[in-house]
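# Residue-level structure breakdown
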Amino acid sequence: MKRIFLIIPISICLALPACKKVSGPADGNSVQPNNNLDSTISINATINGRTWQSDSAFGYYVKYSGNDSGVVGLQITATQTLNDTLSSISFYISNYTGPSIYTIDPPINTATYYNIGNNRNFARSGQINITSDTAYSLRGTFYFTADTFTISSGKFNVALP
């Protein structure tokens, strides 16, 4: 019986270090506004002469299912809420290969402007220029024409997907 009282405290002392929190991605730095490592996470442009600034911006890699060719798509989406009205800009590059100029040529490379009431305005022409693909962010410029909207002087800086 005395052995049990001796074994239990020793077992507890051996088990307590195993309860330590494992370090991982949650312990790393999140994307911070322009700390020279991370993105400022924004998209801005001029739409029909008015300034458009995103509230949030996200980049995604799109891997094709069942395709082991290594072809990857890139999608960038940004939203803005202004006076309870939501609008967004979305790009899709179907064969993303890194920094380059991608001509908007639906359905290969697309750009869409969503405005009041979720009206979709698909780009007919334009360009997405990925200028930097660093370890932390994806930066570039863009312009396009979508229905009656002219989107110009566009710049993006989003966290690398």
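Rules used in this analysis
Residues numbered from 1 in each chain as written. Predicted model: local features only at pLDDT ≥ 70, side-chain atom pairs only at ≥ 80, totals over all residues. Heavy atoms only, no water. pLDDT = per-residue confidence, 0-100. Helix = DSSP H or I, 4+ residues; strand = E, 2+ residues; numbered from the N terminus. Contact = heavy atoms within 4.5 Å. Core = buried A, V, L, I, M, F, W, Y, C linked by side-chain atoms within 4.5 Å. Buried < 20%, exposed > 50% of the residue type's maximum accessible area, 1.4 Å probe, protein only. Pairing = 2+ DSSP bridges. Polar contact = N/O pair within 3.5 Å; in protein donor to acceptor, adjacent residues only side chain to side chain. Patch = residues over 30% accessible without salt bridge, like charges linked within 9 Å, V, L, I, M, F, W, Y side chains within 5 Å. Areas by Shrake-Rupley, 256 points an atom, 1.4 Å probe, with all protein chains shown as cover. Salt bridge = Lys/Arg side-chain N within 4 Å of Asp/Glu carboxyl O. Phe/Tyr/Trp six-rings, centres within 6.5 Å; stacked < 30°, edge-to-face > 60°.

## Structural notes on the confidence of the model for the chain
Parts of the prediction with low pLDDT should not have their coordinates interpreted in detail. For the chain, mean pLDDT is 82; residues scoring 70 or higher make up 77% of the total. Taken element by element, the predicted model of the chain shows its lowest mean pLDDT in helix α1 (residues 2–15) (70) and its highest in strand β6 (residues 100–103) (96). Low pLDDT (under 50) marks residues 24–39, which in the prediction has 19 contacts with non-local residues, meaning those over four places away or in another chain.

## What about the nonpolar core?
The biggest cluster of nonpolar side chains holds 27 residues, and the ones touching the most others in it are Ile43, Phe91, Ile130, Phe142, Phe144 and Phe156. Taken together, the elements giving at least two residues each to this core come down to β1 (42–47), β4 (72–82), β5 (85–93), β7 (109–115), β8 (119–133), β9 (137–146) and β10 (149–159). Sequence-distant contacts of Ile130, defined by excluding residues within four places in its chain, comprise Leu74, Ile93, Tyr96, Gly98, Pro99, Ser100, Tyr102, Leu138, Arg139, Gly140 and Phe156.

## Considerations on the environment of Phe144
Within the secondary structure layout, Phe144 lies in strand β9. A residue is classified by how much of its surface remains accessible, and Phe144, at 1% relative accessible area, is buried. Once you skip the residues sitting within four places of it in the chain, Phe144 turns out to touch Ile89, Phe91, Ile104, Ala111, Thr112, Tyr113, Ala123, Ser125, Gly126, Phe149, Thr150 and Ile151.

## Re unusual backbone geometry
Omega for the bond connecting Pro106 with Pro107 falls within 30 degrees of zero, at 5°, which places this linkage in the cis form. Among the secondary structure elements, Pro107 is positioned in the loop between β6 and β7. A positive phi angle, close to 55°, is found at Asp147, a residue other than glycine. Residue position: Asp147 is located in the loop between β9 and β10.

## Some thoughts on the pairing of β8
Summarising the sheet, β6 and β8 pair through four bridges and their orientation is antiparallel. If you follow Tyr102 over to β8, its bridge partner there is Ile128. Looking at chain direction, β7 and β8 are connected through four bridges and run antiparallel. If you follow Thr112 over to β8, its bridge partner there is Phe122. Hairpin geometry of β8 and β9 is characterised by an intervening segment of three residues between the two adjacent antiparallel strands.

## Considering the side chain of Ser54
You can see Ser54 is positioned in the loop between β2 (50–53) and β3 (56–63). A polar side-chain atom of Ser54 sits 2.9 Å from the main-chain amide nitrogen of Ile43. Those residues in contact with Ser54 that sit more than four places away from it in its chain are Ser42, Ile43, Ala78, Thr79 and Gln80.

## Points about a nonpolar patch on the surface
A cluster of nonpolar side chains, namely Ile4, Ile8 and Ile12, defines an oily patch on the protein surface of about 270 Å² accessible area. Tracing the backbone shows Ile8 in helix α1. Residue Ile8 is classed as partly exposed on the basis of its relative accessible area, which comes to 44%.

## Focus on the packing of aromatic side chains
For the coordinates displayed, the defined rule picks out nine aromatic pairs. Each ring, one from Tyr113 and one from Phe149, has its centre 5.0 Å from the other, and the planes form 65°; the classification is edge-to-face. Pair noted here: Tyr113 is in strand β7 and Phe149 is in strand β10, with a separation of 36 residues, a long-range link. When its relative accessible area of 15% is taken as the criterion, Phe149 is described as buried. Each member of the aromatic cluster is reached from another via a ring pair, and the members are Phe91, Phe142, Phe144 and Phe156.

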